Amino acid sequence: MDVWSKKLPGIITQVALILFSSCGVTGGEVCHSPLVSNLLPSSFRSSSQLSGSHGPGFAKLNRREGAGGWSPLSSDRYQWLEVDLGLRTEIAAVATQGRYGSSDWLTAYLLMFSDTGHNWKQYRQEDNIGAFPGNTNADSVVQHKLQHRVTARYVRLIPLDWNRNGRIGLRLETYGCPYNSDVVSFDGHSSLLYRLSPRLRQMFRESVSLKFKTLRNSGTLLHAEGRNEHSLTLELERGKLLFILRKGQVSSPDSQHLVSLGSLLDDQHWHHVAVEHHSDHLNFTVDKNTVWLQIPASFSHWNHDQMIVGSDRVLSSWRSVGSNRNFCGCLENIIYNGVNLVDLAKQRDQRVTVKGNVTFSCVEPIFVAMTFTGPQSFLWLPRVTEAWTMGMTVGLQFRTWNKAGLLLTFELPHQGGAAWLYLSKAVVYLQIHKPGRAPLELNTGSALNDGQWHSVLLISRRGHLTISVDGDEGTTAHASPAFDVTSAQLVFGGCPTDGSSQECMNPFKVFQGCMRLLTVDHQQVDLIKVQQRLIGNYSHLLIDMCGIIDRCSPNHCEHGGSCSQSWSTFHCNCSSTSYSGATCHSSIYEQSCEAYKHKGKTSGYYYIDVDGSGPIGPQLIYCNMTEDKTWMVIQHNNTELTRVRPSQGKTQHSAHFEYASEEKQLAAIISQSEHCEQELTYHCRKSRLLHTPDGSLLSWWVGGLGEGQIQTYWGGAPPGSQQCACSLQENCVDPRHHCNCDADHMDWANDSGLLTHKENLPVRALVLGDVQRPGSETAYRVGPLRCHGDKNVWNAAFFDKETSYLHFPTFHAELSADISFLFKTTSSSGVFLENLGIKDFIRIEMSSSTEVLFSLDVGNGPLEVTVKADFPLNDNRWHHIRAERNIKEVSLRLDELPGASQKAPADGHIHLQLNSQLFIGGTASRQKGFRGCIRALQLNGVTLDLEERAKITPGVQAGCPGHCSSYGSLCQNQGLCVERPNSFSCDCGSSAYTGAFCDREVSASFKSGTSISYTFKEQVVNVLNRSSSVVASSVHSDMTLRAENISLSFRTSQSPALILYVGSYHREYLALLLNKHDKLEVRYRLDSSRDAEVLRSNVKRLASGHLHTVTLCRLADAVSMQIDQNPKEEFNLTSDVEFNGIRLMVLGRLYTL
């Protein structure tokens, strides 16, 4: 039977097991067997023991032999207890207990794992938390289930803290199950070649998975290819794993798909890799991180017929760049489409060719590293040779993320002086100070803070000094000092802080990172003896492990932000994004034109981010801010009137429309808008639109999201009606047809209207079916998509009792959360929002009439940030709150006040785990509820529909009126704020301005001797022309006025000057002018038999060239006049109070009265 064609259920189960289980057992088995209780005493080791009866062999859970557990000679953080499980084992949990009958127990500890008893790896919860909480007494058992199981042979526990009334005391147990695997080892010159049998049919899902461990940061794990010139490669490059799909023999962007995942994978620990290939995408997994990759149809079937493992040696004509990219290390459980390739090689299957020294066990060298964790870390070593006065050679390897740090320092002999080998700006410097001589400085290398291992070699011999970085592949610097550069003792990483070494001074930053392969005078330093205090001295070092963490993998910088890091934290550069914050989470743009309007913006192009912090990016959109509505206008590739003429051999005309916004952006805009519309116009001459005479369909359009749906109605008609607007209005040119153009007349006609059903927008395509007949002429236009009314901005609820609240599903925001809303209230305190977990919580509240508090707990203890205003917040005006939480910080902003923030612990819990309902306007305990309005509540860019929930919730009302108290100031130039149910608008009727905020001046510039006259139409003329497009005046010649309201602005440097004149058929008039004293006069002649009455203002210097605003109001004989912000002046007329037969109005110079 062909191995590659087997379809046995057992094989399928094995694939699922290896791909989806982190251990070698199926999901049904319980991996919780005790692993320590039956071990021999020889399986236990420790740093020290208090006595023979306190030895490590007595550290078994619930046992009382010896002194009832293990206790070291000294209680400090350099102690450890180690257990050898005998074989690599799957470990699922660990339990601790204090020493029996004593006051000795641990309160916190670190957990380490290893395959060899060296190169320990610290277990971290959430990839960030190192410490496990311990016990509170000597007898109770505290068990921790590991969030992800670990495969290891050796377990080491390091005490961090203990009962201060006792000492370190420990009994322990680990729980798990056996682990079985097939392992193969490559030495960098060996490989395995597999000839893969062709499969009889294409598999629904193809897959490859394996585990690997290595000390080299580059090398090809496997490469597979087929006769169709498709190839697959898994390649390690600078500690990151590349997955490469190629088509053809030449690499190009179109023929290659590459994705990178993981980091620091050259740490000599096992790493899991899996690739699952589906028809149009694949999932690429490294350890616990998975990326989803869309692939083109040309890669839909792998069909590989050969694979090479451990080498980049050519299979056909393809070759990777580089002379030797072979893998050096161990691979485990290589499963390709359900077949264990390592097992085939072990069985010496004829389809497998072995080249070089391939062994079926993991042969790995022992490199002991040490970690410098912080400011107190150092290593002091004496020179062991007596010939130190003749010079010296010091070598080391280091890896770090920091740009600066001391690597090595030592005192110079003979009258003192010192040398420092250090990093600065990611370059290695050697600086030597000798009394009486000029300082000596050398530097070499660059970009050495990349997390890779770099070697440094310092050689001082007979007046010649050399520092080299990265050997033959790196750089070297030389000097020839006139003095000896040597010392009897060396200090690495930093200086002791306890004053024990007065000679050691460090003017530079301490080193944080890892070192290994320390050599002094060509002799390698035994760091295990250093750990045992047999050589030198040290403090705050983790020996036999490298604790470096890549805080940028996975990248927590959102929206394409670039990540950089130091040893203890990371930084996001958001400059190339449209987002801000510590993790580039929050958009710098508003979510709609409506939101820009409420910032006082006028019509123009603005970037709109429809989902805020969500995945949809911003787009440039035109916002048309009218007095009544705020329109978002989305253009497409053809909004002009397009003429269509008959074309030979062409029976239809089709047009496709591409929009300036992407699909997701369009969907969000349409969804969040109250109303959307798109104009559809068809001009015709001898060209039918929808139907032939027999009723057959001629034309249609395609609309809606995605590919859209065919629509057979026209603008102004309802969906599915197969009609035009004239049919609904009952004014089609031919009543027998439902569209004007379907009458098929020789005269020009048109069918036009608006498409307003949002589910059918936007228009994607248009097909016109009657364009081929001789003499037919057609023109069409599809206007831009226009939407108004942001449902998110005005979605509000009023909480009229402190015990009332709304509840929603749990807020899921484990790593990042942003919360934005507006509120107004008359109360002095109250909780806006609360969501609880078992221990975690998140809450925003008004803690006083001037303070807003944002608090949360992700497991590190409560974190609070407060913003205090210098004005009352309970003023019944809208106030804006924006709160954000990410793994770096918690921040809070209130209105336009300076924001406040608190840093999160660098190595604390990062996942916010909530499980209760989300409470809005109250709390789960119904304490400290909020009384007032909450509006536009968004969580991670998603609006919560407060109004819909409020409609079914007692004590809460949907909506919240009273917007003019907050936004009325936006109405300028005496414009009046008008309340609307879910908005406001500015009434500019009493202002000489227009626009959304009465900010656009309606003006004209007059030269000397020029004027504008406006003749009021007679009422009878308006009656005869009701169907005319001319806008009729509201003032008619037969109207009698007993009151006027006049508002205008003017600017002039001349006086006297006539500004305004209103005359009548009866020689009555009203005139507004500047007199020769630069003061304003109003002249009323309302009785043609009497002289005009003159009303003079006291405001001076009005011909100053500055803009002045005048408001004139008359009611019968009472007249008021106000100029700019001056006090209103009152007058009374003594003549007639009726203004009869108004004829014209003149602005500017008047020749005759």
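Keep in mind the model is a prediction, meaning the values are calculated, not measured. (Residues numbered from 1 in each chain as written. Predicted model: local features only at pLDDT ≥ 70, side-chain atom pairs only at ≥ 80, totals over all residues. Heavy atoms only, no water.)

(A) Inspection of the UniProt feature "domain: EGF-like" (unreviewed entry) in the protein chain at higher detail. Under the UniProt annotation, "domain: EGF-like" (unreviewed entry) lies at residues 548-585 and 961-999. Helix and strand shares over residues 548-585 are 0% and 26% respectively, and the end C-alpha atoms of the span are 26 Å apart. (UniProt positions renumbered as here; feature names shortened; annotations may be inferred. Helix = DSSP H or I, 4+ residues; strand = E, 2+ residues; numbered from the N terminus.)

(B) Here's a closer look at a nonpolar patch on the surface. There is a patch of nonpolar side chains on the surface, built from Tyr605, Tyr607 and Leu620 and spanning about 340 Å² of accessible area. Inspection of the secondary structure assignment puts Tyr607 in strand β42 (residues 604-608). On the basis of relative accessibility, which here comes to 38%, the residue Tyr607 falls in the partly exposed class. (Patch = residues over 30% accessible without salt bridge, like charges linked within 9 Å, V, L, I, M, F, W, Y side chains within 5 Å. Areas by Shrake-Rupley, 256 points an atom, 1.4 Å probe, with all protein chains shown as cover. Salt bridge = Lys/Arg side-chain N within 4 Å of Asp/Glu carboxyl O. Buried < 20%, exposed > 50% of the residue type's maximum accessible area, 1.4 Å probe, protein only.)

(C) Broad picture of helix α5 (residues 663-672). Among all positions of α5, only Gln665, Leu666, Ala668, Ile669, Ile670 and Gln672 are buried. Its buried side turned inward, α5 meets β43 (619-625), β44 (630-634), β47 (673-685), β51 (763-768) and β53 (785-790). (Contact = heavy atoms within 4.5 Å.)

(D) The arrangement of the nonpolar core in detail. In terms of nonpolar packing, the biggest core is built from 65 residues, with Ile608, Trp714, Leu785 and Phe984 touching the most fellow members. Residues in contact with Phe984, not counting those within four places in the same chain, are Lys597, His598, Trp794, His963, Cys964, Tyr967, Leu970, Cys971, Cys977, Val978 and Phe997. (Core = buried A, V, L, I, M, F, W, Y, C linked by side-chain atoms within 4.5 Å.)

(E) Just the pairing of strand β16 (residues 271-277), in detail. Among the seven residues in β16, seven count as buried, and that is most of the element. Pairing between strand β11 (residues 206-214) and β16: seven bridges, direction antiparallel. Paired with Glu206 across the strands is His277, a residue of β16. Strand direction decides the pairing type here: β16 and strand β17 (residues 281-286), joined by five bridges, are antiparallel. Its bridge partner lying in β17, Glu276 is registered against Asn283. The antiparallel hairpin formed by β16 and β17 contains three residues in its connecting segment. (Pairing = 2+ DSSP bridges.)

(F) View of the UniProt feature "domain: Fibrinogen C-terminal" (unreviewed entry) in the protein chain. This chain's UniProt record puts "domain: Fibrinogen C-terminal" (unreviewed entry) on residues 584-636. Helix makes up 9% of residues 584-636 and strand 36%, whereas the separation of the span's terminal C-alpha atoms amounts to 31 Å.

(G) Summary view of the environment of Thr89. Relative to the helices and strands, Thr89 is located in strand β3 (residues 81-97). In sequence terms Thr89 and Asn443 are 354 residues apart; their C-alpha atoms lie 48 Å from each other. Once residues lying within four places of it in the same chain are set aside, the contact partners of Thr89 are Leu35, Val150, Thr151, Ala152, Cys177 and Tyr179. A polar side-chain atom of Thr89 sits 2.8 Å from the main-chain carbonyl oxygen of Leu87. (Polar contact = N/O pair within 3.5 Å; in protein donor to acceptor, adjacent residues only side chain to side chain.)

(H) Spatial organisation of the state of the cysteines. With the rule as written, the count across this model stands at 16 disulfides. Here Cys988 is linked by a disulfide to Cys998, with a sulfur-sulfur distance of 2.1 Å. Given an S-S torsion of about -95 degrees, the disulfide between Cys988 and Cys998 has left-handed geometry. With Cys988 in the loop between β69 (983-987) and β70 (993-994) and Cys998 in the loop between β70 and β71 (1000-1001), the pair connects residues that are 10 residues apart, well separated along the chain. In this model Cys328 remains outside any disulfide bridge; the closest cysteine sulfur is found in Cys330, 8.5 Å from its own. No disulfide involves Cys1113; its sulfur sits 16 Å from the nearest other cysteine sulfur, which is in Cys998. Judged by its relative accessible area of 27%, Cys1113 falls in the partly exposed class. (Disulfide = S-S within 2.5 Å.)

(I) How the structure looks around the sheet that holds strand β59 (residues 851-857). Taken together, six strands build an open sheet; the order of strands is β55-β64-β57-β58-β59-β60 and the sheet is antiparallel. If you trace the sheet from one side to the other, it starts and ends with β55 (806-808) and β60 (863-868), each paired once. In this sheet, adjacent strand axes meet at a mean angle of 15 degrees when their direction is disregarded. Judged from the three bridges that link them, β55 and strand β64 (residues 918-920) form a sheet pairing that is antiparallel. Looking at the pairing, Leu806 lines up with Ile920 of β64. (Axes fitted to C-alpha atoms, helices over the stretch in contact; angles between N-to-C directions.)

(J) Structural detail: the packing of aromatic side chains. Applying the stated rule across the entire model yields 27 aromatic pairs. Plain terms: the ring middles of Trp120 and Tyr154 are 6.5 Å apart, the flat faces sit at 75 degrees to each other, and that makes the pair edge-to-face. One end of the pair, Trp120, is in the loop between β4 (106-114) and β5 (121-122); the other, Tyr154, is in strand β7 (residues 142-162), and 34 residues separate them in sequence. A relative accessible area of 12% means that Tyr154 is categorised as buried. Aromatic pair Tyr596 and Tyr606: ring centres 4.7 Å apart, planes at 25 degrees, arrangement stacked. With a gap of 10 residues between them, Tyr596 in helix α4 (residues 593-597) and Tyr606 in strand β42 connect regions that are remote in the sequence. (Phe/Tyr/Trp six-rings, centres within 6.5 Å; stacked < 30°, edge-to-face > 60°.)

(K) Broad picture of the environment of Ser661. Following the sequence through the fold, Ser661 ends up in the loop between β46 (653-656) and α5. What makes Ser661 buried here is its relative accessible area of 8%. Sequence-wise, Ser661 and Gly57 are 604 residues apart; in three dimensions their C-alpha atoms are separated by 70 Å. Sequence-distant contacts of Ser661, defined by excluding residues within four places in its chain, comprise Gln619, Ile621, Ile634 and Leu666.

(L) Quick peek at the pairing of strand β12 (residues 219-225). Burial of β12 is extensive: seven of the seven residues sit out of reach of the surface. One ladder, built from six bridges, connects β12 with strand β13 (residues 230-237); its direction is antiparallel. Following the sheet pairing, Ala224 is matched in β13 by Leu232. With antiparallel pairing between neighbouring strands as the criterion, β12 and β13 make up a hairpin whose turn holds four residues, including Glu229 at a positive phi of roughly 65 degrees. Sheet analysis places β12 next to strand β19 (residues 306-309), joined by four bridges and oriented antiparallel. When the sheet's bridge partners are listed, Glu225 is paired in β19 with Gln306.

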